[in-house]
Amino acid sequence: MMGSIVLFGPPGAGKGTQAEIIVEMTGKPQISTGDMLRSAVSQGTELGLEAREYMEAGKLVPDQVIIGLIKDRLSESDASNGVLFDGFPRTIPQAEALSEITEVSAVISIAVPDEDIVNRIVGRRMDPETGEIYHVSFKPPPPELSNRLVQRKDDNEETVRMRLAAYHNQTKPLGDWYGNMGILSTVDGTGTIQEVSQSVANAVRNL
Ligand code: ADP
Ligand code: ADP
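The following refers to the structure shown. (Residues numbered from 1 in each chain as written. Chains lettered and ligands numbered in written order. Predicted model: local features only at pLDDT ≥ 70, side-chain atom pairs only at ≥ 80, totals over all residues. Heavy atoms only, no water.)

Here's the deal with the sheet that holds strand β3 (residues 84-86)
Here is step 1: Strand order in the open sheet formed by 5 strands is β2-β3-β1-β4-β7, and the pairing between neighbours is parallel. Of all strands in the sheet, those bounded by a partner on one side alone are β2 (30-32) and β7 (184-188). When the angles between neighbouring strand axes are averaged without regard to direction, this sheet yields 20 degrees. (Pairing = 2+ DSSP bridges. Helix = DSSP H or I, 4+ residues; strand = E, 2+ residues; numbered from the N terminus. Axes fitted to C-alpha atoms, helices over the stretch in contact; angles between N-to-C directions.)

Here it is in C-alpha cells:
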C-alpha cells in the first residue's frame with residue numbers, strides 16, 4: 001500500500017505499543033507527534049517552549065504548530081512511500097491539512113473505554129534509551145532497567161482527565177469523519193497487549 005496509515009485512539013489506548021507490529025508488517029516509518037514534541041521540549045527549542053504549556057495542561061497543541069511540524073517531517077526521504085502516523089491527526093483541521101499533503105489510505109482505531117485509560121496512563125513508564133514503553137502492572141519492566149525508567153510529566157490522574165476531555169471534544173469527531181470516508185477499521189483495545197496485537201495484525205492484513 002502506497003498511502004499513509006493513521007493509528008487512532010484515546011490517550012493510553014496502546015497506539016505507541018501497537019505501532020511496532022504495523023511498522024514490522026508494512027515497513028512504513030512511525031511518526032509520533034507526541035515524541036517529536038517531547039524531543040523539542042527537552043531540547044528547549046522555540047517550538048518546545050511553545051508546546052510545553054499545552055502539553056503540561058493536557059490540552060492539544062495548536063493545529064498550526066502541529067501542521068508545520070508534520071510538513072517538515074514528511075519532506076524527508078523516508079516518508080515518500082507513506083508513513084504510520086501515531087497520535088496525529090487529532091482534529092478535523094489537522095486531517096484536512098494532511099489530506100492536502102499526503103494520501104491517508106487507512107485508519108486503525110484502537111477502542112478502549114475511559115474507565116481503563118487512567119490506570120494505563122498512571123502506570124506507564126518509558127525507557128529513555130530505547131523508547132520502549134512499559135507498564136508497572138501490565139508490562140512490567142525488567143528489574144535491571146527500573147532505575148533508568150521515566151514517567152511523563154503529563155501522565156498523572158489530573159492531566160489525563162483533561163486529555164480525555166480533549167479527546168472526546170476534539171479528536172473523537174475525527175474518527176466519525178474517517179468512518180464516513182470508509183477507511184476506518186476499529187479494533188477492540190481492551191484485551192492483553194498480545195491479543196490486541198493479533199487484532200491489529202488482522203486489520204493490517206485486511207487493508
Ligand atoms: P498511547 O500511545 O495510545 O498513549 P501506549 O502504547 O503508550 O498508549 O500505552 C499506554 C500504557 O498502557 C503503557 O504503559 C502500555 O504498556 C500499556 N498498555 C498498552 N496496551 C495495553 C493493553 N492491551 N493492556 C494493558 N496495558 C496496555
Ligand atoms: P497520548 O497519546 O498518551 O495522549 P501523545 O504523546 O500522543 O500522548 O501526546 C502528548 C501531548 O502532546 C498531547 O496531550 C498534546 O498536548 C500534544 N500532542 C501530541 N500530538 C498532538 C497533535 N496531533 N495535536 C495536538 N497536540 C498534540
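On we go.
Some details on the pairing of strand β1 (residues 4-8)
Consecutive side chains along a regular strand alternate between the two faces of the sheet.
Here is step 1: Extensive coverage of β1 is indicated by the burial of 5 of its 5 residues.
Here is step 2: Residues S4, V6 and F8 line one face of β1 and the alternating positions I5 and L7 line the opposite face, and both faces are buried.
Here is step 3: Sheet topology note: the β1/strand β4 (residues 104-111) ladder contains 5 bridges and is parallel. From the neighbouring strand, I5 faces β4, where its bridge partner is A106.
Here is step 4: Relative to β3, β1 is paired through 3 bridges, and the arrangement is parallel. Bridge pairing in β3 links L7 to D86. (Buried < 20%, exposed > 50% of the residue type's maximum accessible area, 1.4 Å probe, protein only.)

A look at the site of ligand 1
Here is step 1: Near ligand 1 you find 19 residues, and of these G12, K15, T17, R124 and Y134 are the closest.
Here is step 2: In this structure, an oxygen atom belonging to ligand 1 sits 3.0 Å away from a main-chain N or O atom of G14.
Here is step 3: Within the side chain of R124, an N or O atom sits 2.6 Å from an oxygen atom of ligand 1.
Here is step 4: The protein chains hide 94% of the 560 Å² of surface that ligand 1 would expose on its own.
Here is step 5: Counting residues per element, the ones that place at least two in the shell around ligand 1 are α1 (15-26), β6 (133-135) and α8 (193-205).
Here is step 6: Looking at the shell around ligand 1 residue by residue, the classes come out as 8 nonpolar, 8 polar and 3 charged. (Near = heavy atom within 4 Å. Polar contact = N/O pair within 3.5 Å; in protein donor to acceptor, adjacent residues only side chain to side chain. Areas by Shrake-Rupley, 256 points an atom, 1.4 Å probe, with all protein chains shown as cover. Nonpolar A, V, L, I, M, F, W, Y, C, P; charged D, E, K, R; others polar.)

A look at the site of ligand 2
Here is step 1: Taken together, the neighbourhood of ligand 2 is formed by 20 residues, with T33, R38, K59, Q94 and R124 sitting nearest.
Here is step 2: In the environment of ligand 2, an oxygen atom lies 3.1 Å from a nitrogen or oxygen atom belonging to the side chain of K15.
Here is step 3: At 3.1 Å from a nitrogen atom of ligand 2 is found a main-chain nitrogen or oxygen belonging to G87.
Here is step 4: Contact with the protein chains removes 96% of the 550 Å² of surface that ligand 2 exposes when unbound.
Here is step 5: Broken down by class, the residue content of the shell around ligand 2 amounts to 7 nonpolar, 5 polar and 8 charged.

A closer look at the packing of aromatic side chains
Here is step 1: Using the criterion set out here, one finds 3 aromatic pairs in the structure.
Here is step 2: Centre to centre, the rings of F8 and Y167 are 6.3 Å apart; their planes meet at 50 degrees, and the pair counts as tilted. Here the residue F8 occupies a position in strand β1, and Y167 occupies one in helix α7 (residues 157-181), the gap between them amounting to 159 residues. Like Y167, F8 is buried.
Here is step 3: A ring pair is formed by W177 and Y178, whose centres lie 5.3 Å apart and whose planes are at 75 degrees; its orientation type is edge-to-face. (Phe/Tyr/Trp six-rings, centres within 6.5 Å; stacked < 30°, edge-to-face > 60°.)

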